[in-house]
Amino acid sequence: MLNIKPNLRLLTALPLLAAMCAVCAPAHAIKVFACEPEWAALTKELAGDQATIYAATNALQDPHQVQAKPSLIAGLRNADLLVCTGAELEIGWLPVLLRQAGNPAVQTSQPGQFNAADYVRKLEVPTRLDRADGDVHASGNPHIQTDPRNIAAVAQALSKRLAEVDSVHASLYQARLVDFNTRWNQAMQRWAQAAAPLKGLPIVVQHKGFPYLENWLGLNEVASLEPKPGVEPSSAHLSEVLSLLQRQPAKFVVRAAYNDGRGSEWLSERAHIPVAVLPFTVGGSDKAKDLFGLFDDTVDQLLKASK
Ligand SMILES: [Zn+2]
């Protein structure tokens, strides 16, 4: 007996299936595991729908300290490409994830592991290493994403790496990079122009998270609220900073969205200077929806605090 009913049902379902797949990622999309939101956003710029992106952390998390949750291990197990900052930022959690995920494609020195900090010139490279100095990173300060020139350099290298890992779509990555570079260069000119009045301003930072931003805009860091990198501000150290500011005034205090605000508020009230809360990465404020919004808002917040 012939029963054609199921086939008919399948035939009528086909146009619907086709319509659904027009909005979902291609079946052959590469799976990218991004350690921080800025690299998830950059991968999105460079790969579009050709990548399915899993972001391990959000902007309100401290990227130095992340729990190796089962969801992260599962995400890394399936990844074709791991995109992280490197420069030891993830040293406290990524090695555990890599071990537990057991995915050979993304292990150290494989093409499937990309470390953004390898492609920029690092600042604050220590001349000596002593645990007593706090959370000091041997290969320099890892918070490279606060300078858009670094984003441009990483984009170049990441695009190449995407094409290496997923060579079938090399021309797509190349075309998207050209388009991104055009938009990014225009935006960088806009930001540099808008931020010109910030040049030379003395500032206080909460965590040593902004040397690249300072280098880009010519800001002058006179103190940090953490007595040592990664150590929460103590009342003794805050008092020291306050008396330092009496001799050497600063215009404002800078902290990242993920930092606890108490130390900077304490200083702000006593030194009578405002606090600039910077998104620090994509998602760190309502306006920082993508990499362009991240720098639009960063420059806005700095200008507002400097007035
Ligand atoms: Zn740090």
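Residues numbered from 1 in each chain as written. Predicted model: local features only at pLDDT ≥ 70, side-chain atom pairs only at ≥ 80, totals over all residues. Heavy atoms only, no water.

**Q** Could you give me a rundown of the coordination of the zinc ion, with the residues and numbers involved?
**A** With distances of 2.0 to 2.1 Å, the protein atoms coordinating the zinc ion are His64 (NE2), His143 (NE2) and His207 (NE2). Written as a sequence motif, the donor arrangement for the zinc ion is H-x78-H-x63-H. Of the two residues, His64 sits in the loop between strand 2 (51–55) and helix 3 (70–77) while His207 sits in the loop between strand 5 (202–205) and helix 7 (211–217), which places them 143 residues apart along the sequence. Of the residues examined, His207 reaches a relative accessible area of 6% and is grouped as buried. (Donors = N, O, S within 2.8 Å, 3.2 Å for Na, K, Ca; no water. Helix = DSSP H or I, 4+ residues; strand = E, 2+ residues; numbered from the N terminus. Buried < 20%, exposed > 50% of the residue type's maximum accessible area, 1.4 Å probe, protein only.)

**Q** Summarise the pairing of strand 1 (residues 30–34); cite the residues concerned and give the values.
**A** Extensive coverage of strand 1 is indicated by the burial of 4 of its 5 residues. Bridge count for strand 1 against strand 2 is 5 bridges, and the pairing is parallel. Looking at the pairing, Ile30 lines up with Ala51 of strand 2. Taking the sense of rotation as the criterion, the β-α-β connection linking strand 1, helix 2 (residues 37–47) and strand 2 turns out right-handed. In this sheet, strand 3 (residues 81–84) lies alongside strand 1 in parallel orientation, the contact comprising 3 bridges. In the strand pairing of strand 3, Val32 is matched with Leu81. (Pairing = 2+ DSSP bridges. Right-handed = clockwise from strand over helix to strand, strands pointing away.)

**Q** Lay out empty space enclosed by the protein in plain terms, naming residues and giving numbers.
**A** The probe, sized like a water molecule, is rolled over the atoms to show the empty space still left. A full pass over the atoms with the stated rule returns 2 cavities of 30 Å³ or more. Glu36, Glu38, Pro63, Gln145 and Phe280 are the residues nearest the centre of the largest cavity, which is lined by 14 residues in total. Residue composition of the lining of the largest cavity, by class: 6 nonpolar, 6 polar and 2 charged. Looking at the second largest cavity, the residues that line it are Gln145, Thr146, Phe210, Leu213, Leu278, Phe280, Leu294, Phe295 and Thr298. Residue contributions to the lining of the second largest cavity peak at 3 residues, all from helix 10 (residues 291–306). Across the lining of the second largest cavity, the residue classes break down as 6 nonpolar, 3 polar and no charged. (1 Å grid on protein atoms, 1.4 Å probe; cavity = no way out; pocket = protein on both sides within 12 Å on 5 of 7 lines; lining within 4 Å. Points joined across faces, edges and corners; volume = space filled by probe spheres on them. Nonpolar A, V, L, I, M, F, W, Y, C, P; charged D, E, K, R; others polar.)

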